[in-house]
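Chain residues, written in single-letter form:
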Amino acid sequence: MRSALVPPIVLVLAGLTLAGCGSVPTEVAAPTGGGHPFPTMTQTVGHHAHPIHGIDVSKYQGQIDWQQVREAGVSFAFIKATEGGDRLDSRFHENWEGARRAGIPRGAYHFTYWCRPMADQIAWFIRNVPRDPDALPPVLDVEWNFQSPTCPRRIPVAQAQAKMREFLHAIERHYGKRPIIYADIKFHREVLANGEFAQYPFWVRSVAAVPHERYPGRRWAFWQITATGRIAGITGNVDRNVFAGTRQQWQQLAQNRFHHHGAGATAVAAATPPAAPAAAEPARALAFAGADAPPAQVPTAGSQVPPAAVPPADTPAMTTAPLPLSRPRF
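Note that the structure is a prediction, hence the values are computed from the model and not measured.

Mapped onto the elements, A209 comes out in the loop between β10 (202-205) and α6 (211-214). In this structure the C-alpha to C-alpha distance between A209 and I225, which are 16 residues apart in sequence, comes to 8.7 Å. Ignoring anything within four residues of it in the chain, the contact list for A209 reads R214 and W223.

And the structure:
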């Protein structure tokens, strides 16, 4: 199903100075053709180079105060919806509506069961996840789940890829947006390396190294940087993520409801690179922080939260943590 990548329009993010990091040798490619709308990149010096931050949550975060989450600088959230063909996260609808009311762009994700027919999983996801024109694209979460008491199977690579295509095609037809693929390091190395599914936006997970060290050659739109983040409005740990592009690119994507708009994508690519992180003003919210790091302060532009949930520049603290186990399952 996959075709070769069209040569990207490249935006070089040069001259961005970080504390102790110097210039940032990163490049962001705009989407091309009729594919997904997200800017992507292969290399970065680290999460501090990326001004747009988000989280991903499930029932394990308990009750969330989404207004506090937004005020703390969160620009997007991925919310667990379904597993297999018959399991729904017990807080999905609560989180889905809570994030919407707070004005945080959010997308729903589905965790794949390799032992369940994909037709069942497609029908289950569609049954439980509403069509919302303002939502982020749906996410297909693909991992080997050897700890599962009911579905620990590893299937042949070609079969796994075929199941993925079946889900991705059906979900794109139903929701009208090209889905995002979330893959952990092991699954990516065994099933998705060598450019497989390159026309889909990727959400990668790498908590102990930058993505290009764990996902060589993979262009990514979102990066899960830690499983031990802290944020106001959530008790305990939460996964933190960053977006590959600039603040201006995120703003335009939000205005376009995360759809691809042809010439608009080229305009996004020409966005001015972000300036160096600003010095902190008197803080009003806790920043993202690793579980063992002191809370960093997020500077704000004023008391009003931007309509598109785009936070001001920040330099969140993060401690390096070992690669965590797979996400908790039902």
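So, on to the packing of helix α4 (residues 157-175) against helix α5 (residues 185-192). A pair of packed helices is characterised by two quantities: the angle between their axes and the separation of those axes. Between α4 and α5, the least distance of the axes is 10 Å, while the angle of their chain directions is 105°. Regarding the angle of α4 to α5, the classification is roughly perpendicular. Here V157, A160, Q161 and M164 of α4 come into contact with α5, specifically with F187, E190, V191 and L192. A breakdown of the residues in the contact of α4 with α5 according to their chemical character gives six nonpolar, one polar and one charged.

Turning our attention to the packing of helix α3 (residues 118-128) against α4. For the pair α3 and α4, interaxial distance at closest approach is 10 Å and the crossing angle is 30°. As the angle between them shows, α3 and α4 are arranged roughly parallel. Note on packing geometry: the crossing formed by α3 with α4 is right-handed. Where α3 abuts α4, its residues M118, A119, Q121, I122, F125 and I126 lie against K163, E166, F167, A170, I171, H174 and Y175. A breakdown of the residues in the contact of α3 with α4 according to their chemical character gives nine nonpolar, two polar and two charged.

Right, let's get into the pairing of β10. Burial of the side chains of β10 extends over both faces: F202 and V204 are buried on one face and W203 and R205 on the other. Of the crossover connections in this fold, the one passing from strand β9 (residues 180-183) over α5 to the parallel β10 is right-handed. Direction of pairing for β10 relative to strand β11 (residues 222-230): parallel, over a ladder of three bridges. Along β11, the bridge assignment pairs W203 with F222.

A word on the packing of aromatic side chains. If you walk through the whole model with that rule in mind, you get 22 aromatic pairs. With a centroid separation of 5.3 Å and an interplanar angle of 70°, the aromatic rings of F38 and F222 are classed as edge-to-face. Remark: F222 occurs in strand β11 and F38 occurs in the loop between β2 (26-30) and β3 (40-41); sequence separation between them is 184 residues. Considering the side-chain rings of F76 and W250, the 5.3 Å spacing of their centres and the 45° angle between planes classify their relative orientation as tilted. Taken together, the residues F76 in strand β5 (residues 76-83) and W250 in helix α7 (residues 247-255) connect sequence positions 174 residues apart. For the pair formed by F76 and W250, the shared burial category is buried. Put simply, the rings of F38, F76, F78, Y109, Y182, W203, F222, F243, W250 and F258 touch in pairs and so form one group of aromatic residues. Sitting above the plane of the Y200 ring, R178 keeps its charged end 5.4 Å from the centroid.

It is worth spelling out α3 at this point. Listed as buried for α3 are M118, Q121, I122, W124, F125 and N128. Around the axis of α3, the buried residues are gathered within 165° of arc, so they sit on the same side. Those residues of α3 that are buried are in contact with β5, β6 (87-88), α2 (92-102), β7 (106-111) and α4.

Analysis parameters
- Residues numbered from 1 in each chain as written.
- Predicted model: local features only at pLDDT ≥ 70, side-chain atom pairs only at ≥ 80, totals over all residues.
- Heavy atoms only, no water.
- Helix = DSSP H or I, 4+ residues; strand = E, 2+ residues; numbered from the N terminus.
- Contact = heavy atoms within 4.5 Å.
- Axes fitted to C-alpha atoms, helices over the stretch in contact; angles between N-to-C directions.
- Parallel < 35°, antiparallel > 145°, perpendicular 65-115°, else oblique.
- Nonpolar A, V, L, I, M, F, W, Y, C, P; charged D, E, K, R; others polar.
- Left-handed = near helix turned anticlockwise from the far one by under 90°.
- Buried < 20%, exposed > 50% of the residue type's maximum accessible area, 1.4 Å probe, protein only.
- Right-handed = clockwise from strand over helix to strand, strands pointing away.
- Pairing = 2+ DSSP bridges.
- Phe/Tyr/Trp six-rings, centres within 6.5 Å; stacked < 30°, edge-to-face > 60°.
- Lys NZ or Arg CZ within 6 Å of the ring centre and 35° of its normal.
- Arc of directions from axis to C-beta.

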